[in-house]
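# Chains, contacts and geometry: an overview
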Amino acid sequence: MEKELGAVFTPPKTAEYIVSRLGKIKETHKVLDPCVGPGVFVKSLIKAGVNKSQIFCHDINPDYKKNVEDLGVNFKVVDNLLSFNSDIYNEYDFIVGNPPYLNKASEYVRKNRAELKKIYGKINAHETYSMFIVNSIWRLKEGGKLGFITSDSFLTLSTHKKLRKFILDNCRINEITLAPANLFIKQKVNTSPVIIFFTKTTGSLNKDKRDNNMMRVIPRVENEREYTKPPIEYQIKQKKYYSLPFLIFHVEVEEQIIKLFDKAPKLEQVVQGYIGMHTHDNRKYIAAVKGSNLAEIFIKKNENIQEVDKKYKIISETLLNTNKWFPYLKRGGGDQYYRPIIEAINWEDESIKIYDIPSNVPFLEEGIVISGVSSRLAVRYMPNGCYWDSNKAIGFIIKENSVSIEYVLGILNSSLYNYLAKGIINNTNSLQITGIHALPFLVPSPNILSQIENLVRTIIREKKKNQEYNYIQEQKHIDNLVFEFYSNQFKFPSELKEKLDKNYSIYSIL
Ligand SMILES: C[S@@+](CC[C@H](N)C(=O)[O-])C[C@H]1O[C@@H](n2cnc3c(N)ncnc32)[C@H](O)[C@@H]1O
């Protein structure tokens, strides 16, 4: 039961830190822990001198009732999310806790989807922790304060844009501290945690107050001792959270990079991505091309499969060149610049009938393909005549004559763009079209254009001969050219180049 309800217990030092930074709790104030569990925040509040009668607790799990009531505070067995209604707005002066992290695949969210959607659907009805944030802001009085430890994914994921907008519209963000990465490791939880403090400050009249609010932002600390003496600490005006795409709550992004996102045109002016198609049965309709690594894998798999119609298909290259089969792109991964065609889709009338093929997608055109699932930004040449799948490989077409496929391949595979796309916009393994479209883009000078094009042509030519070709020298050259070109306009600091070389270049991983 505990696991299904997202029970993860906050270490006492972290709870004490959160309580210590709430500010003055007066005797008339009411404090809520909306998901109290065994009561670690209650103990910290009592230790800090808060009267037991001021402390209110909720938990859906009745097993905690006795323990929490024994602490002498008010406790209700209640579903904190579903029990919300308009009568209980503005009730508490402080709300503290560690909300459960249950995602849309969890039993709880699946079971209650319709009701959760009714209450939270306009903001986010997928993960419980984001609904707890919304719910708690609603429950707070104007000027009341929230202190949570929760998953840091809402800070950056584009799927949480509405939650961030809600926070910016209703709160002053007092502090964002990235808590130690291993804080919950003993409990086998590997979401990286953040501590947040928000003061409810609603209404359009308070917009200036929110925008000009100075936030304390602390990059990931190593251990709990560093909460009070962090090695690095930034003061950032809250309105800076409007500068990056999707209202990303950035923690350690350089001023100049924020300016780049703010001022430069967007990549979508030159490049457009399209979600591809569905076959509904890839085993049946997709074949490996003979001689490819994939064909080798299929041969091995087939050794253990008896029924002929269940076997993985392999076709010859000659067949791929007929109009019964087309090259098909459906794999992610880190390969850059060029990868041979390893898969093909059956294009006979009987098969096509089954497929979902979006009508507005310019399949078959030459372009680039970007891995939708990869730890780094990985972009490859897409020859004429391909179809592609719906998420792991995304086809993009260049729509502006002033740039070439080679140039776009060069900049997107550079360390700078890897940082922009993976370090800032989306720090998970998956990448969305909207994220690529939101990247900044500067029109190249003829000189930069031709230098990068030539380097990319060399890499592709060599990779066609030998897929394992080591292109580090060319890549270093491209990385330097892209950095210098963008830096000329946006005056990047030299430390940024060191950071890119160290963390975002291919030489940092090879
Ligand atoms: C991450 S644990 C935190 C427990 C405790 N506050 C701590 O920090 O150690 C989340 C708690 O939320 C409770 N919970 C899960 N869903 C809930 C809901 N809809 N309403 C109220 N409590 C819920 C779980 O039973 C669990 O005790």
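Keep in mind that what you see is a predicted model, and the values were worked out from it rather than measured.

This part is about the overall build of the protein chain. Within the protein chain, the regular secondary structure consists of 19 helices and 18 strands. Evaluated residue by residue, the protein chain yields a buried proportion of 40% over its 510 residues. Of the contacts formed within the protein chain by residues at least 6 apart in sequence, a portion of 74% connects residues at least 24 apart.

The next thing to look at is the pairing of strand E14 (residues 343-346). Judged by which residues are buried, E14 turns out to be covered on both faces: Glu343 and Ile345 on one side and Ala344 and Asn346 on the other are all buried. Pairing of strand E11 (residues 286-289) with E14 involves three bridges; the strand directions are antiparallel. For Ala288, the partnering residue across the bridge sits in E14 and is Glu343.

What follows concerns helix H1 (residues 12-20). Every buried residue belonging to H1 is among Thr14, Ala15, Glu16, Tyr17, Ile18 and Val19, and all of these are buried. Against the buried residues of H1 lie helix H2 (40-47), strand E4 (92-97), strand E5 (140-151) and strand E7 (193-200).

Attention now goes to the site of the ligand. Looking at the ligand, there are 22 residues lining it, with Thr10, Cys35, Gly37, Asn80 and Asn98 nearest. Going through the elements one at a time, H2 and strand E2 (55-59) are the ones with two or more residues in the shell around the ligand.

One can read the domain layout of the protein chain as domain 1 (12-227), domain 2 (253-270 + 403-510) and domain 3 (274-399). If you average the C-alpha positions of domain 1 and of domain 3, the two centres end up 45 Å apart.

What follows is about the sheet that holds strand E8 (residues 214-218). As summarised here, the arrangement of the nine strands in space is E3-E2-E1-E4-E5-E7-E6-E8-E9, forming an open sheet in which the pairing is mixed. Unpaired on one side and paired on the other, strand E3 (74-77) and strand E9 (234-237) mark the two borders of the sheet. Averaged over all pairs of adjacent strands, the angle between their axes in this sheet comes to 20°, without regard to strand direction. Along the sheet, helix H6 (residues 128-139) contacts strand E1 (31-33), E4, E5, strand E6 (171-178) and E7; its crossing angle with E5, the most-contacted strand, is approximately 160°.

Right, let's talk about the environment of Ile315 for a bit. As for its placement among the helices and strands, Ile315 is situated in strand E12 (residues 313-315). Residue Ile315 is classed as partly exposed on the basis of its 19 C-beta neighbours within 10 Å. Expressed as a C-alpha distance, the spacing of Ile315 and Gly291, which sit 24 residues apart in the sequence, is 9.4 Å. In this view, Ile315 contacts Ala287, Val289, Lys290, Leu320, Trp325 and Ala344; residues no more than four positions away in its chain are not counted.

For H2, the set of buried residues is Phe41, Val42, Ser44 and Leu45. Buried residues of H2, seen end-on, are gathered within an arc of 165° and therefore sit on one face of the element. Considering only its buried residues, H2 is in contact with H1, E1, E2, helix H3 (65-70) and E4. Of the residues one or two after H2, Gly49 is the one with positive phi, at around 95°.

What counts as what
Residues numbered from 1 in each chain as written. Predicted model: local features only at pLDDT ≥ 70, side-chain atom pairs only at ≥ 80, totals over all residues. Helix = DSSP H or I, 4+ residues; strand = E, 2+ residues; numbered from the N terminus. Buried ≥ 20, exposed ≤ 12 C-beta atoms within 10 Å, placed from the backbone. Contact = placed C-beta atoms within 7 Å. Pairing = 2+ DSSP bridges. Near = placed C-beta within 6 Å. Domains from an automatic or database assignment. Axes fitted to C-alpha atoms, helices over the stretch in contact; angles between N-to-C directions. Arc of directions from axis to C-beta.

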